[in-house]
Amino acid sequence: MKVLMITNTPPIPSWGGAMTFYRHFCEQSDFEIQVITDNRDILNYELPYAYHLVNHGRLFQRVSRTRFAKVAHSYSNYKGSRGVPAVIRDTVEVFQPDAIFTVAGSWSWMAILAQKTAETYKLPLVGSFNDWWNYNSIYYLGFAKQIEQQFRNFYQACDLVLCTSEGMYEELGPHNNCLVSYPTGTYMPEEAQGIPENPKKVLAFGGNLGDWYGTMIEAIISNTNLDHYDFKIFGSNASWSPEFDTFIKSKGFFKGQVPFEVLRQEMTQVDGLLLLMGFGEDIAQVERTSFKTKFLDYLTFRKPIFLWGPEYCSAYKTSEEFDATAKTASKDVKDFITLFDDVFRSPVRQQELLNNSLQMYQNRFHPDLIHGKLVTKMKALINAVDY
């Protein structure tokens, strides 16, 4: 199947949604892709597909560097571009894709451009809803209702919708062709991992350190007894305080951003994994509708997972279904830290968590199960829809 991806989240071997798409569209053989994107991060990777960078032009770039930046981005996210750029027209005519694929959440003008391209060339449109529309978006508050309505209208306009969680589907409502398609984690290693012999228990986190995640890490480490625990924190764009930044680096806890294969190897030497989801009404919709890719990767690292977040998060609900994590929905960081001692004092509970997380991986989140459902849906769409 030939798929032209027009998206602000290109498939790259990074973390998060970009890695999920890389696993679906690059590591498997079911798809042949080309990519149109405005995300210059793509330049940092050697990739197995052709791609082109696009932008709004000089006027938008100039305005976006002024105090009117939020207005410019809001207008962009509401109107998109005037038409289909020549580079896309040329790509469609030469590549002859079977479908257009885009990422609708976080929302951006690239989704509108994907829709225009699909309509112009009468191709089926596939939209992946990974995050709520305003997560990491730049917008003027006065445009919020209009942009959200665009997001919801786009959902209905897609010929196939991929919702990253049940929470996303429940919020956006019924659709005549929808697949709840969880992020795709890595594969479980065939060989069992040994038990690390650390003088102190080591807890690790790997992922986005921006937004509320960095401040949660700061709260955890600042309140944990460091006579008993060490930490390994992987990621970038940390939101913690300057004072804590100095402290965590002086302790050697902060490891920065590393390639996934390095991360996976590092995780063989830790004792537990931190899975965090933010509290607060202002971010509730984001956490209610998303699903953490790191959760699915964590399952394959075969360590006890410690989950801290509100009960309404999709990852919390799924974890509860399988009893796959030691978790608390308390906002008090000390209640979360108490879980460390409780689990590490009980070898029985540790093994129980490992057994349950294995069942969760095998029965719900095995990469082949998730990928197979996507391939089936895509084939049905391309074969059945007469454009």
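Here the structure is shown first, and the text comes after it.
Overview of the structure. (Residues numbered from 1 in each chain as written. Predicted model: local features only at pLDDT ≥ 70, side-chain atom pairs only at ≥ 80, totals over all residues. Heavy atoms only, no water.)

### Some points on the overall build of the chain
Using the following cut-off: Counting from the N terminus, the helices are DSSP H or I runs at least four residues long and the strands are E runs at least two residues long. The globule rule is 2.2 Å times the number of residues to the power 0.38, and the radius of gyration it is compared with is taken over C-alpha atoms. When a residue's accessible area, from a 1.4 Å probe over protein chains only, is under 20% of the maximum for its type it is buried; when over 50% it is exposed; and in between it is partly exposed. Contact between two residues is taken to exist if any of their heavy atoms lie within 4.5 Å; hydrogens are not considered. Positive charges come from Lys and Arg, negative ones from Asp and Glu, while His and the chain ends are left out of the count. In this description, the location of a charge corresponds to atom NZ of lysine, CZ of arginine, CG of aspartate or CD of glutamate.
When helices and strands are tallied, the chain shows 16 helices and 13 strands. Taking 2.2 N^0.38 as the reference for a compact globule, 387 residues should give roughly 21 Å; the C-alpha atoms of the chain span a radius of gyration of 21 Å, in line with that estimate. Seen through its C-alpha atoms, the chain measures out along the principal axes to roughly 60 × 45 × 40 Å. Looking at the chain as a whole, 53% of its 387 residues are labelled buried. Restricting the contact set of the chain to residue pairs at least 6 apart, pairs at least 24 apart contribute 73%. Each charge sign in the chain was given a centre, from 37 positive and 43 negative side chains, and these centres are 6 Å apart.

### Points about the sheet that holds strand β10 (residues 254-256)
Just so we agree on the cut-off: By definition, two strands form a pair when at least two bridges between them are found by DSSP. To get an axis, fit a line to the C-alpha atoms, keeping to the stretch in contact for a helix; angles then go from 0 to 180 degrees between the N-to-C directions.
The strand order β10-β9-β8-β11-β12-β13 describes an open sheet built from six strands, whose pairing is parallel. At either margin of the open sheet sits one strand with a lone partner, and together these are β10 and β13 (326-328). On average, each strand axis in the sheet is tilted by 20 degrees relative to the strand beside it, whichever way the strands run. Here strand β11 (residues 272-276) pairs with strand β12 (residues 305-308) via four bridges, running parallel. Opposite Leu276, over in β12, you have Trp308 as the bridge partner. On top of the sheet, helix α8 (residues 211-223) reaches β8 (201-206), β9 (229-234), β11 and β12; it is set at about 135 degrees to β11, its chief contact.

### Structural notes on helix α11 (residues 281-289)
Among all positions of α11, only Ile283, Ala284, Val286, Glu287 and Thr289 are buried. Buried residues belonging to α11 abut α7 (166-172), α8 and α13 (314-322).

### Focus: the side chain of Thr268
The line we're drawing: Polar contacts here mean pairs of N or O atoms no more than 3.5 Å apart (in protein, one a potential hydrogen donor and the other a potential acceptor; neighbouring residues in sequence count only if both atoms are side-chain atoms).
Relative to the assigned elements, Thr268 resides in the loop between α10 (260-267) and β11. At 2.6 Å, the side chain of Thr268 forms a polar contact with the backbone oxygen of Gln265. Within the structure, Thr268 has its side chain in polar contact with the side chain of Gln269 (distance 3.1 Å).

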